[in-house]
Amino acid sequence: MAVETSTRPDTQAASAESEMLVPAMFQNLIGYHLRVAQETSFQAFARAAGKADLKPGWYSLLTVLAERESMTPSELSRICGRDRSTLTSSLKALSHRGLIERRPNPDDQRSYSVRLTENGRRMQKQLHAIAVVYDRRLDEIAGKDKAVLIAVLGRIAATFGMAQDC
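Anyway, here's the lowdown on the structure attached to this text. (Residues numbered from 1 in each chain as written. Predicted model: local features only at pLDDT ≥ 70, side-chain atom pairs only at ≥ 80, totals over all residues. Heavy atoms only, no water.)

### Considering the pairing of strand 1 (residues 100-105)
Moving on, step 1. The pairing of strand 1 with strand 2 (residues 108-116) spans six bridges and is classified as antiparallel. Counterpart to Ile-100 in the pairing with strand 2 is Leu-116.
Moving on, step 2. Counting the residues between successive antiparallel strands, the hairpin from strand 1 to strand 2 contains two residues. (Pairing = 2+ DSSP bridges. Helix = DSSP H or I, 4+ residues; strand = E, 2+ residues; numbered from the N terminus.)

Below, the structure is given as structure tokens:
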């Protein structure tokens, strides 16, 4: 896969500086570069949203819930490829902020479902507007390699057993 890099001088300088800081044992490790790209991507999205406390994955959770009336945490976990323990803490935080509400499952007293509140719907719409602009920037970065990048990331997710829907 040919990598198309930005021609912006600030991007090139930052990339060169980052390469110098990467320990030699990590320079050719895909997992390391995936993690760094993910983290910096999440941080940039949070800055664009003006929410320093915005946690990675909240936008995905809110968007999935916006398309459904309600879901169980197990369903959300499968669709978003999130570990249940991580998901539980995210759901607690979203509930605490009034963005989602939990409802007991009438068919199973041990489980519950979650749904967006009106505040959650408003937040999801705000984040979606930011995500559209943000994703355009990712498209610019990926360039003509976008389809290949998405396919490779999909294969990684499928191979390691994660859902690819979010």
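From this point, the discussion proceeds with the structure in view.
### Description of helix 4 (residues 73-80)
Moving on, step 1. Those residues of helix 4 not exposed but buried are Pro-73, Leu-76, Ser-77, Ile-79 and Cys-80.
Moving on, step 2. Looking at the buried positions of helix 4, the neighbouring elements they touch are helix 3 (58-66), helix 5 (84-96) and strand 2.
Moving on, step 3. Looking one or two places after helix 4, you find Gly-81, whose phi comes out positive at around 65 degrees. (Buried < 20%, exposed > 50% of the residue type's maximum accessible area, 1.4 Å probe, protein only. Contact = heavy atoms within 4.5 Å.)

### As for the environment of Tyr-59
Moving on, step 1. Its place among the elements puts Tyr-59 in helix 3.
Moving on, step 2. Beyond its immediate chain neighbours, meaning those up to four positions away, Tyr-59 contacts Phe-45, Gln-124, Leu-127, His-128 and Ala-131.

### Topic: the packing of aromatic side chains
Moving on, step 1. Taken as a whole and judged by the stated rule, the model has three aromatic pairs.
Moving on, step 2. Between Phe-26 and Tyr-32 the ring centres are 4.8 Å apart and the planes differ by 20 degrees, which places this aromatic pair in the stacked class.
Moving on, step 3. Note on Phe-26: relative accessible area 28%, which makes it partly exposed.
Moving on, step 4. Look at Phe-45 and Tyr-59: their rings are 5.8 Å apart centre to centre, the planes differ by 40 degrees, and that puts the pair in the tilted class. With a gap of 14 residues between them, Phe-45 in helix 2 (residues 30-49) and Tyr-59 in helix 3 connect regions that are remote in the sequence. With respect to burial, Phe-45 and Tyr-59 carry one shared label: buried.
Moving on, step 5. Among the aromatic side chains, those forming a connected cluster through ring pairs are Phe-45, Tyr-59 and Tyr-134. (Phe/Tyr/Trp six-rings, centres within 6.5 Å; stacked < 30°, edge-to-face > 60°.)

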